[in-house]
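Observations on the three-dimensional arrangement
In case you want the letters, here they are:
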Amino acid sequence: MTNTKEEAARLVEQLLAFGLYNDMIRNEDVVFLRNQLLDLLQIPEPWENCQDIIDDGMPPTATPILEKLLDYAAEAGILPEDTLVYRDLLDTRIMGIITPPPSQIIDRFNTIKKKSGVEEATDDFYRLCQKSDYIRVDRIAKNLEWDYESDYGTLKVTINLTKPEKDPREIAALKNAPQVGYPKCLLCPENVGYAGRVNHPARQSHRTLPVELGGETWYFQYSPYVYYNQHCIVLSQKHVPMKLSRKSFERLFDFLDQFPHYFIGSNADLPIVGGSILNHDHFQGGCYTFPMEVSPVEYTLYLEDYPRVKAGILNWPMSTLRLECDDSQTLIELAVEILNKWRGYSDPEVDILSESVDDKGQTIPHNTVTPIARMAQDGQYQLDIVFRNNRTSPEFPLGIFHPHPDIHHIKKENIGLIEVMGLFILPGRLQKELSAIEEILMGRDAQNIEELESEDHPLHQHSPWICELIEVHGRNNSREEAKAILEKAVGRKCQKVLEDAGVFKTTAKGRQAFNKFLTGAGFTL
């Protein structure tokens, strides 16, 4: 039981011991921090043995300690409601107390970088963000993950369970919450230390590092729900919208010069083909090898004006040009030329139009790129340019080069940087839905398949797909067989997502159209 103040006081000591063990706090600060925690949790006095360091098995994260403290807070009436939103607001406030302030974090990073190198420094910062519970390690571990062997190599598939569905009390709280314009978005630097509210996450344990890119101050941080190892976000100091330009490419390579063990990329800067946040300029990076990175070059290209550049088209469903050179400035010049050429390019035979005019007579641009930069193993700068187009049509109102309607029951959201490179982040609803379909394929759900046709049925959107699966695999599969069937079937859908989103298809016609653009941009085959 955690409903006594004495037990809660003991948990405070466990948390302080956790902070000491993980180099988050120093002995000189323990009394000061203890008093802050006691005040926050309305505990009148510390545990009677508070002078003894508690060491009864240090957990890998603070989550087990925090969960018990939150249970106490709920029982003591400290939480307005015992919901995930209010629990997150409080546990972040708790961890904010024992997370070092920004100045100490920055000094620590720079000290380790100078002594042991930037890779050691990022490892330490990443570990601190995990220990502070800013990165929700325990929730991330619940994600479902598997590999799918596609026609283009191994795709990575993840069902994201880190953001559970809101319960009715949380929905009601959101409806009644006042609209506040601070911080302006989830990426603004002003989020550091922010208390949060029911419609904006608490960020007291959030820390960033200043980095200089293109002569400007940007900030380096980790994503709280990392999708891959050391998933970082590099964000502008200013709340300005995404806009790809020469500056974007300069910043990519400036970052690589400072963090050569990371990749860095930018979402496209147009709706439909861009990421979920277009109103704040940012990049994403990390220490991870994506499927696209190891995709082979299908055929090489040559550039008379850039003899030092190696170029080739990847065997990848997203239309990707890979460039390599030992000089980043050369790649920047070439990338700007290619971007400008692509922005004005049209080929109606393959549904590519550079722009259109809306009902108000305004010109709407359609062409952009998703650039990804990294250091190759041979020390060369490597830049992947993925060509994107966000046109819509009556047949495909959500996007011609977007997941088509037959995929929407699996993936309907924008295909951003992460999916472009072959790592799929699928919605959490699929956990329950795939589990129910698994029961059908095992013959354990005796319901009539015709019932799926009802729009009220929870599996209605999967109805045609389920019928196809039954026709091929029947309804007498073991659990292991049913699980394998569904993982492969979802993987095929993910491959189809990339094929739909590719502007130049991997067919003979698509490659011919791609080569037409490339030769116009100065490449020879």
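Every residue gets a number counted from 1 within its own chain, in the order that chain's sequence is written. Only residues with pLDDT of at least 70 are given local features in this predicted model, and only at 80 or more are side-chain atom pairs given and counted; all residues enter the totals for whole chains, interfaces and linings. Only hydrogens and water are removed before side-chain values are computed, so all heavy atoms of the structure are retained for them.

For any two helices packed against each other, the geometry comes down to the angle between their axes and how far apart the axes lie. Between the N-to-C directions of two axes lies an angle of 0 to 180 degrees, each axis being a line fitted to C-alpha atoms and, for a helix, fitted only over the stretch in contact. The secondary structure listing takes helices from DSSP runs of H or I that are at least 4 residues long and strands from runs of E that are at least 2 residues long, numbered from the N terminus. The geometry of helix α12 (residues 429-441) relative to helix α14 (residues 479-501) is characterised by a closest axis approach of 9 Å and an angle of 125° between their N-to-C directions. For the element pair α12 / α14, the angle class is oblique. Note that α12 runs across α14; the crossing there is right-handed. Within the contact between the two elements, α12 uses Leu 434, Ile 437, Glu 438, Glu 439 and Leu 441 and α14 uses Arg 479, Ala 482, Lys 483, Ile 485, Leu 486 and Val 490. Ten residue types, Ala, Val, Leu, Ile, Met, Phe, Trp, Tyr, Cys and Pro, are classed as nonpolar, four, Asp, Glu, Lys and Arg, as charged, and the remainder, Gly among them, as polar. For the contact of α12 with α14, the per-class residue count stands at seven nonpolar, no polar and four charged. Should an angle fall under 35 degrees it is taken as roughly parallel, and over 145 as roughly antiparallel, whereas 65 to 115 is taken as roughly perpendicular and any remaining angle as oblique. By convention the crossing between two helices is left-handed if the near helix lies anticlockwise of the far one by an angle smaller than a right angle, and right-handed if it lies clockwise. Pairs of residues are marked as contacts when any of their non-hydrogen atoms sit within 4.5 Å.

What follows is about the packing of helix α13 (residues 463-473) against α14. At a closest axis distance of 12 Å, the pairing of α13 and α14 adopts a crossing angle of 130°. Judged by the angle between their axes, α13 and α14 are oblique. The way α13 lies across α14 gives a crossing that is right-handed. Touching Trp 465, Leu 469 and His 473 of α13 are Ile 485, Leu 486, Ala 489, Val 490 and Lys 493, all from α14.

Moving on, we come to the environment of Asn 191. Mapped onto the elements of the fold, Asn 191 is located in the loop between α8 (168-176) and β3 (209-213). Type-normalised accessible area, obtained with a 1.4 Å probe on protein chains alone, sets the label of each residue: buried when under 20%, exposed when over 50%, and partly exposed for intermediate values. What makes Asn 191 buried here is its relative accessible area of 1%. Separated by 16 residues in sequence, Asn 191 and Arg 207 place their C-alpha atoms 9.0 Å apart.

Here the focus is the packing of aromatic side chains. Side-chain rings of Phe, Tyr and Trp (the six-membered ring for Trp) are treated as a pair once their centres are within 6.5 Å; stacked means planes under 30 degrees apart, edge-to-face means over 60, and tilted covers the remaining angles. If you walk through the whole model with that rule in mind, you get 26 aromatic pairs. When the ring of Trp 342 is compared with that of Phe 517, the centres are 5.2 Å apart and the planes differ by 80°; the resulting orientation is edge-to-face. Of the two residues, Trp 342 is situated in helix α10 (residues 328-343) and Phe 517 in helix α15 (residues 508-520); the sequence distance between them amounts to 175 residues. The exposure classification of Trp 342 matches that of Phe 517, with both residues buried.

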